Amino acid sequence: MTKLKEDFVASGGEFEKWRVGDLFLLKSNPQLDKDSFVFSENAKYPYFTRTVFNNGIFGQVNFLDEEHLIKGNSIAVGMMGMQFFYMRKDFYAGQFTKTAYPKFEKFNESIALYFISLLNKFQKKYLGVLVRDFEETFYNTEILLPIFNKVPAYNYMEQYISLLEEEKMLQVDKFLKDSGLNDTTLTAEETAALEKFRNGKVKFKEWKICGDDGVFSVNNTHSILQSWIEENSGEYPYCTASESNNSVSSYISYDMGCIEKGNSIMIGGKTLVVTYQEKDYFSNDSHNLALYSKDVLSKNKECQLFLVSQLYKCLKPIYYWGDSISKTKIQKDIISLPVNGSDGIDYDFMHHFISAQEKLAIKGVVRYKDKKIEAAKEIVTPPSRYLSDSGSYCNTSRRNLNQKPGADIQ
């Protein structure tokens, strides 16, 4: 990355602050509630909402109409999270979302990611202003851009993102090799588990979640308030029932008498976020529940992850913020689990099924990694790399940036 910058400057490039309003047009999205759509995993159009997870996408929806369809190859933002995302395809959106369209011709995913990395640095600033003031604040934001021949060097941005992706993918490659995860060949047991599931031959039975004859024993966790801890002061996870980062907000040292045992499942008492906690951990709220499976055959990561998915599936329709789960309430709840030929819980199937899913997911990561590393090798050399694809300088300038965007921006 350093060499790219040094080479750019040596070739006549420089870095200057540019006003975002000179580069992008911000528009409010035609909004529709999610009840207006039919959701399906195979549907064509993303439905963008205020969430900061999954690239801001709540799910995939079928075509509704042209009136509410929003042009892709653009940058979308939700007013609640104020985090920017690249939208590759045309999409629909929910309430309080906006889309930024480039005023310049050369725009693609790599260039968008370069701008997004700059814009997301102002997330706290944008969250600090009222929604009605966001547009003016956004337009007046100044960002530092690479400039070549007095115009933004968009090809430099593409190369920067490409090299950054290569660097990260090489780290992923090393991690996979060092951890042994690069072996994605399915075993006979894993293949059999997948085929059994795909052919609909897995038999499920309902079990009590807790209680004397339940699958788990359950306790309320201790309550360690955030004001009591020093962040990143130790090696034990500090869990807050958040959806992000497996509910781990920091790693701390604290009173060991308040620690929760690992190789267990934590349920956020108010959020109903269900996570597998591999290591001993601290919890921020006594409303959270710690579930410990009773059967020794279930005490491995793969089985625990299967149990997490089934707990969430069974409990999500029942509890919500105004009627949250508790140690008392969960005593009456049930969970649906696969059974073996003896009508007992089939932990063997769970283990091999999740192991197979992990390998398939990693196989996809390996393909993506190899593709990105190979793409980075195709970067052209100076001086032509700072020119547009047509061989001329990109036609953006401060003068034409201040003009109104063309009719093609809807």
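The numbers attached to residues start from 1 for each chain and follow its sequence in the written order. Side-chain atom pairs in this predicted model are given and counted only at pLDDT of 80 or more, local residue features only at pLDDT of at least 70, and totals for whole chains, interfaces and linings cover all residues. Values reported for side chains reflect all heavy atoms of the structure, with hydrogen atoms and water molecules removed beforehand.

1. Some details on the overall build of the chain
Applicable threshold: Where helices and strands are cited, they refer to DSSP runs of H or I of at least four residues and of E of at least two residues respectively, numbered from the N terminus. The classification of residues rests on relative accessible area computed with a 1.4 Å probe and restricted to protein chains. Under 20% of the type maximum is buried, over 50% is exposed, and intermediate values are partly exposed. Throughout, a contact is declared for two residues whenever any of their heavy atoms are within 4.5 Å. Only the protein chains shown count as cover for residues, and all accessible areas are computed by the Shrake-Rupley method using a 1.4 Å probe. Asp and Glu count as negative and Lys and Arg as positive, but His and the ends of the chain are not part of the count. Taken as the charge centre is NZ of Lys, CZ of Arg, CG of Asp or CD of Glu, depending on the residue.
Within the chain, the regular secondary structure consists of nine helices and 19 strands. When its C-alpha atoms are laid out on the principal axes, the chain stretches across 75 × 50 × 45 Å. A burial count over the chain gives 43% of its 410 residues as buried. Contacts spanning at least 24 positions in sequence make up 70% of the contacts within the chain whose residues lie at least 6 apart. Entry remark: accessible area of the chain is about 22000 Å², with carbon and sulfur atoms responsible for 50%. Seen as two clouds, the 50 positive and the 53 negative side-chain charges of the chain have centres 3 Å apart.

2. Points about the packing of aromatic side chains
The geometry of two aromatic rings is summed up by the distance between their centres and the angle between their planes. Inclusion rule: Geometry of aromatic contacts follows a simple scheme: Phe, Tyr and Trp rings, the Trp one being its six-membered ring, pair when their centres are within 6.5 Å, and the pair is stacked under 30 degrees between planes, edge-to-face over 60, tilted otherwise.
Evaluation of the coordinates by the stated rule reveals 35 aromatic pairs. Ring centres of phenylalanine 37 and tyrosine 92 lie 5.1 Å apart, and the angle between their planes is 50°; this geometry places the pair in the tilted category. On the criterion of sequence distance, the pair formed by phenylalanine 37 in the loop between β2 (24-28) and β3 (45-48) and tyrosine 92 in strand β7 (residues 92-93) is long-range, its members being 55 residues apart. Judged by relative accessible area, which is 0%, tyrosine 92 ranks as buried. On the numbers, 6.4 Å between centres and 85° between planes, the contact of tyrosine 47 with phenylalanine 58 is edge-to-face. Here tyrosine 47, found in strand β3, pairs with phenylalanine 58, found in strand β4 (residues 57-61); they are 11 residues apart in sequence, far enough to count as distant.

3. Observations regarding the confidence of the model for the chain
Spelled out, the test is: Each residue carries a pLDDT value, the predictor's own confidence for that position, ranging from 0 to 100.
The share of residues in the chain with pLDDT of 70 or more is 91%, and the mean pLDDT across the chain is 90. Low pLDDT (under 50) marks residues 380-384, which in the prediction has three contacts with non-local residues, meaning those over four places away or in another chain. This model gives residues 387-410 a pLDDT under 50, and the stretch forms 40 contacts once residues within four places in sequence are excluded.

4. As for the packing of helix α2 (residues 109-119) against helix α5 (residues 154-179)
How two helices sit against one another is set out by the angle between their axes and by the gap between those axes. Note the threshold: Interaxial angle, 0 to 180 degrees, is taken between N-to-C directions of lines fitted to C-alpha atoms, where a helix line uses only the stretch in contact. Each angle receives one of four descriptions, namely roughly parallel if under 35 degrees, roughly antiparallel if over 145, roughly perpendicular if within 65 to 115, and oblique otherwise. Three classes are used, and their members are as follows: Ala, Val, Leu, Ile, Met, Phe, Trp, Tyr, Cys and Pro are nonpolar, Asp, Glu, Lys and Arg are charged, and the others, Gly among them, are polar.
Their axes nearest at 8 Å, the elements α2 and α5 cross at an angle of 85°. What the angle tells us is that α2 and α5 run roughly perpendicular. Packed against α2, whose contacting residues are Ser110, Ile111, Leu113, Tyr114 and Phe115, the element α5 presents Tyr154, Tyr156, Met157, Glu158, Tyr160, Ile161 and Glu165 at the interface. Per-class residue counts for the contact of α2 with α5 are nine nonpolar, one polar and two charged.

5. Digging into the environment of tyrosine 47
Quick note on the threshold: Residues adjacent in sequence count toward polar contacts only when both atoms are side-chain atoms; beyond that, a polar contact is any pair of N or O atoms within 3.5 Å, and within protein one must be able to donate a hydrogen and the other to accept it.
Overall, the relative accessible area of 3% leaves tyrosine 47 in the buried class. It is 8.9 Å that separates the C-alpha atoms of tyrosine 47 and phenylalanine 37, two residues lying 10 residues apart in sequence. Polar side-chain contacts of tyrosine 47 include one of 3.1 Å to the backbone nitrogen of lysine 34.

6. Focus: unusual backbone geometry
Within the chain, asparagine 149 stands out as a residue other than glycine whose phi angle is a positive 55°. Here asparagine 149 falls in the partly exposed class, since its relative accessible area comes to 47%. One non-glycine residue, leucine 272, lies in positive phi territory at about 60°. Tracing the backbone through its elements, the reader meets leucine 272 in the loop between β15 (264-267) and β16 (274-277).

7. Some thoughts on the nonpolar core
Worth spelling out the cut-off: What makes a nonpolar core is a set of buried Ala, Val, Leu, Ile, Met, Phe, Trp, Tyr and Cys residues whose side-chain atoms join them at distances within 4.5 Å.
In terms of nonpolar packing, the biggest core is built from 37 residues, with Phe24, Phe115, Phe138 and Leu145 touching the most fellow members. Listing elements by their share of this core, those giving two or more residues are α1 (2-10), β2, β5 (74-78), β6 (84-87), α2, α4 (131-140), β9 (142-148) and α5. When residues in this core are grouped by element, the largest group, seven residues, is from α2. With residues near it in sequence (within four places) discarded, phenylalanine 138 still touches Val20, Phe24, Leu26, Phe84, Ala100, Leu119 and Tyr126.

8. Description of the state of the cysteines
Operational definition: Only a pair of cysteine sulfur atoms within 2.5 Å counts as a disulfide in this structure description.
A full pass over the atoms with the stated rule returns zero disulfides. In this model cysteine 258 remains outside any disulfide bridge; the closest cysteine sulfur is found in cysteine 239, 14 Å from its own. Assessed through its relative accessible area of 17%, cysteine 258 is described here as buried.

9. Points about the sheet that holds strand β1 (residues 14-19)
For clarity, the threshold we go by: A pair of strands is treated as paired once DSSP finds two or more bridges between them.
Judged by pairing direction, the sheet is antiparallel, and its three strands sit side by side in the order β1-β9-β10 without closing on themselves. In this open sheet, the two edge strands, each paired with only one partner strand, are β1 and β10 (151-152). With two bridges connecting them, β9 and β10 associate as antiparallel partners. Opposite isoleucine 147, over in β10, you have proline 152 as the bridge partner. Across the sheet, α1 touches β1 and β9, and the angle it forms with β1 is around 90°. The strands that α5 touches are β1, β9 and β10; relative to β9, the one it contacts most, it runs at about 105°.

10. Points about the sheet that holds strand β17 (residues 282-283)
Across the sheet, three strands lie side by side as β14-β13-β17; this open sheet has mixed pairing. Each end of this open sheet is capped by a strand with a single partner; those strands are β14 (248-252) and β17. Here strand β13 (residues 236-239) pairs with β17 via two bridges, running parallel. What sits directly across from tyrosine 238, in β17, is phenylalanine 282.

11. Quick look at the pattern of salt bridges
Stated formally: For salt bridges, the criterion is a side-chain nitrogen of Lys or Arg within 4 Å of an Asp or Glu carboxyl oxygen.
Tallied over the entire structure, the rule returns 15 salt bridges. For lysine 203, the salt bridge is made with aspartate 343, and the minimal N-O distance between the two is 3.6 Å. Linking lysine 203 in the loop between α6 (188-198) and β11 (204-208) with aspartate 343 in the loop between β19 (334-338) and α8 (347-376), this pair joins segments that are 140 residues apart in sequence. Residue aspartate 343 is classed as partly exposed on the basis of its relative accessible area, which comes to 33%. In this structure, lysine 369 and aspartate 370 form a salt bridge, with 2.5 Å as the shortest nitrogen-oxygen distance. For aspartate 370, a relative accessible area of 40% translates into the label partly exposed. Members of the salt-bridge network, linked through shared partners, are Asp173, Lys177, Lys369 and Asp370.

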